[in-house]
Amino acid sequence: MRRVACSLFIILTCLATVWLPDFANAAWWSSGPLITINSQDYTTDDFKSWWTYWNNGKDAPFPESLEDYLNFQLMVQQGRAMEYDKQPQYLRKLQVFLKVRSLMALKREEIDSKIDISDEDLKANFDQNYSPIWFLQILTFENSEKAEAAYADLSLKSIGPAGRLIFADYQGILPEQGGPIAYDEVQVTPEIIRKNRPTWEDTVRNLAVGEISKPFAVVENGHKILIRLNEITTPPLEQFEQKKELILNNIYKQRRDQLTRDLLQRLSEIYKVVIDEELYEEIDSEKEYSDDYLDKIVITMVHQNVTVRDFISNIKRESKVRGGSLSPLDIKGIIRGNILSQTLIDKAAIDRHYENEEPLKGIWSFYQDNRLRLAVEVGIKNKIKIDENEIQSYYQEHKADYSKPERLRYILIADEPELIQKMWSGLLLGSDFDETVKKYDKEFDILSKAKTEISSEVLNVLNKLTRGEFSNPFTYEGGSAIVKLLEEIPSEVDSLDKVRSTILTTLKDEMFEQQKQNYLDELRSRSQIHVNEKMWLKLKES
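Reading guide: rules and limits
- Residues numbered from 1 in each chain as written.
- Predicted model: local features only at pLDDT ≥ 70, side-chain atom pairs only at ≥ 80, totals over all residues.
- Heavy atoms only, no water.
- Salt bridge = Lys/Arg side-chain N within 4 Å of Asp/Glu carboxyl O.
- Helix = DSSP H or I, 4+ residues; strand = E, 2+ residues; numbered from the N terminus.
- Buried < 20%, exposed > 50% of the residue type's maximum accessible area, 1.4 Å probe, protein only.
- Core = buried A, V, L, I, M, F, W, Y, C linked by side-chain atoms within 4.5 Å.
- Contact = heavy atoms within 4.5 Å.
- pLDDT = per-residue confidence, 0-100.
- Pairing = 2+ DSSP bridges.
- Axes fitted to C-alpha atoms, helices over the stretch in contact; angles between N-to-C directions.

**Focus on the pattern of salt bridges**
Side-chain pairs of opposite charge can arise whenever the charged atoms involved come near each other. Tallied over the full model, the rule gives 32 salt bridges. Across the pair E110 and R352 runs a salt bridge whose closest N-O atoms are separated by 2.9 Å. Taken as a pair, E110 in helix α4 (residues 88-110) and R352 in the loop between α14 (328-351) and α15 (360-382) lie far apart in primary sequence, 242 residues in all. The class for R352 is partly exposed, based on a relative accessible area of 31%. With a closest N to O distance of 3.0 Å, R205 and E201 form a salt bridge. Placement of both R205 and E201 in helix α9 (residues 201-205) is noted, with a separation of 4 residues, approximately one turn of the helix. Exposure remark for R205: the relative accessible area of 40% places this residue in the partly exposed category. Here the salt bridges share partners, and the residues they tie into one network are E109, E110, K114, R266 and R352.

**A few points about the nonpolar core**
In terms of nonpolar packing, the biggest core is built from 72 residues, with F47, V298, I299, V308, F311 and I503 touching the most fellow members. Residue contacts for F311: discarding those within four places in its chain leaves Y280, I283, V298, I299, V306, K332, I335, R336 and I339.

**Considering the confidence of the model for the chain**
Confidence in the prediction for the chain averages 88 pLDDT; 94% of positions are at 70 or higher. Mean pLDDT values for the elements of the chain range from 37 in helix α1 (residues 2-30) up to 97 in helix α3 (residues 67-81). Counting interchain partners and residues more than four positions distant, the pLDDT-below-50 stretch residues 1-29 has 7 contacts.

**Here's the deal with the sheet that holds strand β4 (residues 182-188)**
Pairing in this open sheet of 4 strands is antiparallel, and the strands run β4-β3-β6-β5 from one edge to the other. Only two strands of the sheet have a single partner each, and these edge strands are β4 and β5 (216-217). As defined by bridge partners, strand β3 (residues 133-141) adjoins strand β6 (residues 224-233) across 9 bridges and the pair is classed as antiparallel. Bridge pairing links L139 to L226 in β6. On top of the sheet, helix α6 (residues 144-154) reaches β3 and β6; it is set at about 35 degrees to β6, its chief contact.

Okay, structure coming up:
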């Protein structure tokens, strides 16, 4: 038994020595770089990330080769070698992109992730704003004396079943005899009252059905009113379903605004915001100030100060945009809020460096590389020169592309054969075409089509007509029709001057593709490239 065990051990040992190179080889192609370009390694994860962003996140058939990826990375490397990544234009584009995406990330973190709206929230909001429905009767009086007298009279006799009629009949009394100057009946919800008559809500809520309010003032004109609550109803359940989306949006806006205010308060403390309130109150955009005064600081923050000059410049710009719709004082307040909110939120978004973590990290890396690639391509395009001879030659060879085909303008009337026959008979007797069409209540459009766009059954008829002539009835789409030819518009070719810029763009695009390919061929010829083919095949199969 010992001899068998020993033999088995020897066999396994021999087999292991045979297998080891394969194990090592498998480990080599299943890890490490997918492709190496000029000593720069790119992994399968790098490729997958690039493929996602290259296709803008959309599903696309997996590529048959690494050609596009290799070309992309060659261009990126060339962009860095040419120091395009240090150019102001490139850096500005990156700054704008990072700012926008960082603001989106900040909104997700500080606002969206903290808003959770349940069905219970929606129903509670509906009950608060759209229920109940109050049926109100309203009498408006010129003064308190008349309103008090009417209240004393009506409150004794308009509570019962006939109360509505008694209250409404009061409008029959003339104002000079103590009657109202207006009578109204309305159905309102809490939301409507809050929006249009916020001072009425407490009064209405405290009324019992049939009860009349004591006289109170209408703020805008000093008149006194009496309100009688005639009925309270509950809105049907389907109304809640209809308003769900509206309520959802309203709750979201309310919570978003509150969370934004809370965020700004925290950021004001973090960035040590100090406002010179006395100086702020003095600022008048219409006044002329000395340079020393304009250089005074209104708002101080850790990273930025706002001077009087800055503030006035913003006020004038906003006033121009508003076109006088707001007072200078209102605009001044808007500018103050905008400066604080935009500056603080922009600063906080950038300071959090969302670009160092997903989901922004991947797209940020791709965007930087892609801008470099585009910068190299722009450099190639800028070197392309097209002379006049090339433009003229292209124009002559492609005149058909700039030709407008022969067109016909005509009227087509189609209907049942009997009606078309009656109309045609009238036309033969000399009736006016338009009048005949109107007589039979037919509407028509003036059609303008290239001959190639007109159906053969209509075109065959039109080809036999002269300008202003109408046809005999003919079979058309299961019925009958007549046509009137209005105009034949001959074909024409756009002049070279008219299409010159289009041709120039076309030629540049065609030449660019060739020049870009030549450029890539040149980059490849002087680059060291190694592709892990086994890993690539494995990736394609996965």
